[in-house]
Amino acid sequence: MRNQSHRTEADRPRPRRAPHHPPTGRRPPRPPPETRGAAAGGHSGKGAGQGGKRTRLSREALMDLVIQDARVIDGTGTPSHPADVGITDGRIVAIRKPGEPPLTARRTLRAHGLALAPGFIDMHAHSDLALLRDPDHSAKAAQGVTLEVLGQDGLSYAPVDDRTLGEVRRAITGWNGDGSDIDFDWRTVGEYLDRLDRGIAVNAAYLVPQGTVRMYAVGWDDRPATPQHLDHMRQLVATSMEEGAVGMSSGLTYTPGMYATDSELTELCRVVARYDGYYCPHHRSYGAGALEAYEEMVRLTRDAGCSLHLAHATMNFGVNKGRAPELLALLDDALASGADISLDTYPYTPGCTTLVAMLPSWAGEGGPEAMLGRLRDDATAERIRHHMEAVGADGCHGVPIDWGTIEISGVSHPGLADCVGKTVAEAAARRGEEPWTTARRLLVDDGLGSTILQHVGHEENVQAIMRHPVHTGGSDGILQGDKPHPRAYGTFPHYLGHYARELGVLSIEETVAHLTSRPAARLRLPDRGLVREGYRADLVLFDPDTVAAGSTFESPRTLPVGIPYVLIDGKFVIEDGRRTGVLAGRSVRRTPGVR
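Note that the structure is a prediction, hence the values are computed from the model and not measured.

K.L.:
I'd like a description of the environment of Asp 569, backed by residues and values.
P.N.:
Along the chain, Asp 569 turns up in the loop between strand 21 (565-568) and strand 22 (571-575). For the pair formed by Asp 569 and Arg 536, sequence separation is 33 residues and the distance between their alpha carbons is 5.9 Å. Within the structure, Asp 569 has its side chain in polar contact with the side chain of Arg 536 (distance 2.8 Å).

The following block contains the structure:
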């Protein structure tokens, strides 16, 4: 056990706020092999090594902060080493190894051998409203997360018009709440990013959501897009990319995005590729037909010339037990032939989504109110039940639903709170009714707002996929509900503590690389993801011997242990294990330019 005091010296003024650095407009060279998987780039100025200038200081220069006696895990995957790290104006300006001239600063933090790593990047976050609603945001800040990627699964809050905004708020109430506490003073992606720039807990990048785009241009009908619709969608995606989106997401088991054909998706991916962004699909099945769904996304993006990042790349349900090697072979073949592919996963077996997402897609045509009307109609509700329980709905990935695996994790209506923490089968048994009767009541009485945990994963698949060289970490953390998935509060310390230290699935250095430089490369950020001179001082100090997720399925909002310090732009957002209240986060936007 290390000395846990971590005392600081000097007068301890807060570091000065880093100046805003406008886009460079220059595509940086490919990153070194240890960070490769995508080229790097970004909005935030030039860093060292990957398109930036190395900052040099005289020995007499007085820095804002020096972190002494740290075990530097620099994000490359190479062995850690002891060093002192100096920070000025939000950037790393000096790294000194033992025996080299000491660094001087207005403030010194003695790390006593704590690991110093780049801040973790959550490649799949659902904090689109939480960042605005909750300035504390310890759910992510306390994990060492310094950047989240929002706009996931094809559904978010920009670009919209007034009609679309109301519809999307209703559709994803289970993910983010109904938004009644939010001033929706934006409609475009640029305006949303400007709103984030007023100050948030951690940095955030944004994917333009294809389902929202289709909702805006086509509506909720299950029909092919006309040429005029397609032109409108292309323009919405192009404008969103110009305003700073880093790519496009899809939710191809969620309405209305799932109504898009492959040719429609390919055309939108061509627009994304012109702006050097990436496509991040929640593809058409993670259950029956999962491998075919992965292959579809690989083929589609190859045709479009677009980079591909596979969202929460799992192999779930009984039909896929032990089949992760088949997925990885598919990806290896594509990579060997020149495809640009990466993926993210969370280090848990259960999934998390909304109960309404389990329904067949035809039940959602026309939007949330039309779906509720079908659920209230006995004959139509019976068709829905048969499709889910006997056939296998596309919303449930083509697998007949097992109500014993569907745990209610959150409800919007307080009168339904007694269902939280129980499976639908358990809640039905207590009521003396069939599971579908209970599920139908939940859907209608909760206005489609109920969230669920789906216990359908396999540990051997989780471990096999996280070892892959193009793997990155993503929490897929839904922060709503009385009993959310523990991944929302525990993903990153769980990787470090359970999978690296306890199980040895990856070394601690490899694990850090998966959570830092690899996602930074996918996002094309030239000055984040490594502990390197000239890079932004988005940093986390953690104890490799004790770091662990505090969150469990029983107590999902418990904060992690062993992460006493987190910095964004050189400012402490976590200090001595406590949230400081500093709002150092801003939007991270794609570098302007069209291929």
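K.L.:
Mind laying out the nonpolar core, listing which residues take part and the relevant values?
P.N.:
Among the nonpolar cores identified, the biggest contains 155 residues, and Tyr 279 and Phe 542 are the most heavily contacted of them. If you tally residues by element for this core, the top one is helix 9 (residues 290-304), at 7 residues. Of all hydrophobic cores here, the second largest spans 20 residues; its members include Ala 83, Ile 87, Ile 92 and Ala 111.

K.L.:
Residue-level account of helix 12 (residues 378-391), with values.
P.N.:
In a regular helix each residue adds 1.5 Å, so 14 residues correspond to 20 Å; helix 12 covers 19 Å between its end C-alpha atoms and thus fits that length. All buried positions along helix 12 are accounted for by Thr 380, Ala 381, Ile 384 and Met 388. In an axial view of helix 12, the angular spread of the buried residues amounts to 105°, which keeps them on one side of the axis. Away from its buried face, by an angle of more than 90 degrees, helix 12 presents the exposed residues Asp 378, Ala 379 and Arg 383. Of the surrounding secondary structure, the elements contacted by the buried residues of helix 12 are helix 11 (368-376) and helix 14 (435-445). Downstream of helix 12 by one or two residues, Gly 392 has phi in the positive range, about 105°.

K.L.:
Describe unusual backbone geometry, listing the residues and the values that go with them.
P.N.:
With an omega dihedral of 0°, the bond running from Ala 158 to Pro 159 counts as a cis peptide bond. Structurally, Pro 159 can be placed in the loop between strand 10 (145-150) and helix 3 (162-171). Omega for the peptide link from Thr 255 to Pro 256 comes to 0°, which places this bond in the cis form. Of note in this structure, His 137 is not a glycine but carries a positive phi near 50°. Within the fold, His 137 resides in the loop between helix 1 (130-133) and helix 2 (138-141). On the accessibility criterion, His 137 (1% relative accessible area) is buried.

K.L.:
Which residues make up the packing of aromatic side chains, and what are the values?
P.N.:
In total, this model carries 12 aromatic pairs according to the counting rule given. Ring geometry for Tyr 157 against Phe 184: centres 5.8 Å apart, planes inclined by 45°, an arrangement best described as tilted. Placement of Tyr 157 in the loop between strand 10 and helix 3 and of Phe 184 in the loop between helix 4 (173-176) and helix 5 (189-196) is noted, with a sequence separation of 27 residues between them. The class for Tyr 157 is buried, based on a relative accessible area of 1%. Classification of Phe 184 by relative accessible area gives buried; the value is 9%. Taken together, the aromatic side chains of Tyr 157, Phe 184, Trp 186, Tyr 192 and Tyr 206 make up a single cluster linked through ring pairs. In this structure, Arg 383 packs its charged tip against the face of Trp 362, placed 4.2 Å from the ring centre. Geometry around Tyr 278 places Arg 522 over its ring, the cationic atom sitting 5.6 Å from the centre.

K.L.:
An account of the pairing of strand 3 (residues 65-72) is requested, with residue identities and associated values reported.
P.N.:
For strand 3, a buried count of 6 out of 8 residues is recorded, marking the element as mostly surrounded by other parts of the structure. In this sheet, strand 4 (residues 81-88) lies alongside strand 3 in antiparallel orientation, the contact comprising 6 bridges. Among the inter-strand pairings, Leu 65 is bridged to a residue of strand 4, identified as Ile 87. Sheet topology note: the strand 3/strand 7 (residues 107-110) ladder contains 3 bridges and is parallel. Residue pairing in the sheet places Gln 68 in a bridge with Arg 110 of strand 7. With 2 bridges connecting them, strand 3 and strand 8 (residues 115-118) associate as parallel partners. Its bridge partner lying in strand 8, Arg 71 is registered against Ala 115.

K.L.:
How would you sum up the pattern of salt bridges? Please name residues and give values.
P.N.:
Under the criterion given, the structure shown has 36 salt bridges. Here Arg 107 and Glu 575 are joined by a salt bridge, their closest N and O atoms 2.6 Å apart. Of this pair, Arg 107 sits in strand 7 while Glu 575 sits in strand 22, placing them 468 residues apart in sequence. Taken individually, Arg 107 and Glu 575 each receive the classification buried, so the pair is uniform in this respect.

K.L.:
Which residues make up the sheet that holds strand 9 (residues 120-122), and what are the values?
P.N.:
The 8 strands lie next to each other as 9-10-11-12-13-14-15-19, forming an open sheet whose pairing is parallel. Of all strands in the sheet, those with a lone pairing partner are strand 9 and strand 19 (471-473), marking the two edges. Across the sheet, the mean angle separating the axes of adjacent strands is 30° when strand polarity is ignored. Pairing of strand 10 with strand 11 (residues 203-209) involves 4 bridges; the strand directions are parallel. Bridging across to strand 11, Val 149 finds its partner in Ala 205. In the packing of helix 8 (residues 262-274) onto the sheet, the strands contacted are strand 12 (247-251) and strand 13 (278-282), and the crossing angle to strand 12 comes to about 155°.

K.L.:
So what's going on with the confidence of the model for the chain? Which residues, and what values?
P.N.:
The predicted model of the chain averages 90 in pLDDT, with 89% of residues at 70 or higher. With pLDDT under 50 throughout, residues 1-55 is counted as low confidence; its partners more than four residues away or in other chains account for 164 contacts.

K.L.:
Describe the packing of helix 10 (residues 324-336) against helix 15 (residues 459-466), naming the residues involved and giving the relevant values.
P.N.:
Here helix 10 crosses helix 15 at 25°, and the two axes come no closer than 9 Å. Overall, the two elements helix 10 and helix 15 adopt an arrangement that is roughly parallel. The two elements helix 10 and helix 15 cross, and the hand of that crossing is right-handed. Contacts between helix 10 and helix 15 involve Ala 324, Leu 327 and Leu 328 on the former and, on the latter, Asn 461, Ala 464 and Ile 465. Grouping the constituent residues of the contact of helix 10 with helix 15 by class yields 5 nonpolar, 1 polar and no charged.

K.L.:
Got a sec to walk through the environment of Gln 235? Specific residues and values, please.
P.N.:
Structurally, the position occupied by Gln 235 is in helix 7 (residues 227-242). Along the backbone, Gln 235 and Val 271 are 36 residues apart, and their C-alpha atoms lie at a distance of 8.7 Å.

K.L.:
Tell me what's going on with the pairing of strand 15 (residues 341-345), and back it up with residues and numbers.
P.N.:
In terms of residue burial, strand 15 counts as a mostly covered element, since 5 of its 5 residues are buried. The side-chain alternation of strand 15 yields two buried faces, one formed by Ile 341, Leu 343 and Thr 345 and the other by Ser 342 and Asp 344. In this structure, strand 14 (residues 307-310) lies alongside strand 15, joined through 3 bridges in parallel fashion. Each bridged residue has a counterpart across the sheet, and for His 309 the counterpart in strand 15 is Ser 342. Of the crossover connections in this fold, the one passing from strand 14 over helix 10 to the parallel strand 15 is right-handed. Where strand 15 and strand 19 come together, 3 bridges link them in parallel fashion.

Conventions adopted
- Residues numbered from 1 in each chain as written.
- Predicted model: local features only at pLDDT ≥ 70, side-chain atom pairs only at ≥ 80, totals over all residues.
- Heavy atoms only, no water.
- Helix = DSSP H or I, 4+ residues; strand = E, 2+ residues; numbered from the N terminus.
- Polar contact = N/O pair within 3.5 Å; in protein donor to acceptor, adjacent residues only side chain to side chain.
- Core = buried A, V, L, I, M, F, W, Y, C linked by side-chain atoms within 4.5 Å.
- Buried < 20%, exposed > 50% of the residue type's maximum accessible area, 1.4 Å probe, protein only.
- Expected span 1.5 Å × (residues − 1).
- Arc of directions from axis to C-beta.
- Contact = heavy atoms within 4.5 Å.
- Phe/Tyr/Trp six-rings, centres within 6.5 Å; stacked < 30°, edge-to-face > 60°.
- Lys NZ or Arg CZ within 6 Å of the ring centre and 35° of its normal.
- Pairing = 2+ DSSP bridges.
- Salt bridge = Lys/Arg side-chain N within 4 Å of Asp/Glu carboxyl O.
- Axes fitted to C-alpha atoms, helices over the stretch in contact; angles between N-to-C directions.
- pLDDT = per-residue confidence, 0-100.
- Parallel < 35°, antiparallel > 145°, perpendicular 65-115°, else oblique.
- Left-handed = near helix turned anticlockwise from the far one by under 90°.
- Nonpolar A, V, L, I, M, F, W, Y, C, P; charged D, E, K, R; others polar.
- Right-handed = clockwise from strand over helix to strand, strands pointing away.

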